[in-house]
Amino acid sequence: MRARPAAVLVACLVLIAGCAGGAAAPQVTAEGVQRIEVTYAGGAVTDGVVRYAVPLGSPVELMVASDVADEVHVHGYDRRTFVTAGASTTLRFTADLPGVFEVELEQRGMPLTELEVS
Ligand SMILES: [Cu+2]
């Protein structure tokens, strides 16, 4: 059985767009704050784990809502905060370190989002 090149190409493009096709843009407030909202519910991140492109040097406001209690940890920046079950927590920091950084629910080791700072 022969592979159909067109179908393979389409599949690859879909994969690239879905997974590696660049980072999403956060919401930007009137004050220039990069706002990222993540909701963790039922054992997974609603809408999946998204990588966000954040301009180097910009203020970031990361809001995490969760249906479980855990610690939110921004790797690289090493910022941590706790969230209680059914509540949300907000971390504010300046994206002054370039690179790609994972944000996770620390105790579960669950990735929440990724920040691509450049
Ligand atoms: Cu961590």
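Located above this text is the structure these notes cover.
Residues numbered from 1 in each chain as written. Predicted model: local features only at pLDDT ≥ 70, side-chain atom pairs only at ≥ 80, totals over all residues. Heavy atoms only, no water.

## Section: the overall build of the protein chain
1) Next: A count of helices and strands for the protein chain gives one helix and 10 strands.
2) Next: Helices and strands in the protein chain line up, N terminus first, as α-β-β-β-β-β-β-β-β-β-β.
3) Next: A buried classification covers 32% of the 118 residues belonging to the protein chain.
4) Next: By sequence separation, contacts in the protein chain at least 24 residues apart represent 58% of the contacts at least 6 residues apart.
5) Next: Surface exposure of the protein chain reaches about 6800 Å², of which carbon and sulfur atoms provide 57%. (Helix = DSSP H or I, 4+ residues; strand = E, 2+ residues; numbered from the N terminus. Buried < 20%, exposed > 50% of the residue type's maximum accessible area, 1.4 Å probe, protein only. Contact = heavy atoms within 4.5 Å. Areas by Shrake-Rupley, 256 points an atom, 1.4 Å probe, with all protein chains shown as cover.)

## Remarks on the pairing of strand β6 (residues 70–74)
1) Next: Counting buried residues in β6 gives five out of five residues, a clear majority hidden from the surface.
2) Next: Counting the residues that bridge the hairpin from β6 to strand β7 (residues 79–83) gives four residues, and of these G76 lies at a positive phi of roughly 80°.
3) Next: Sheet analysis places β6 next to strand β9 (residues 99–105), joined by three bridges and oriented antiparallel. Across the sheet, V74 pairs through a bridge with V103, a residue of β9. (Pairing = 2+ DSSP bridges.)

By themselves, these figures tell us nothing about what the structure is for.
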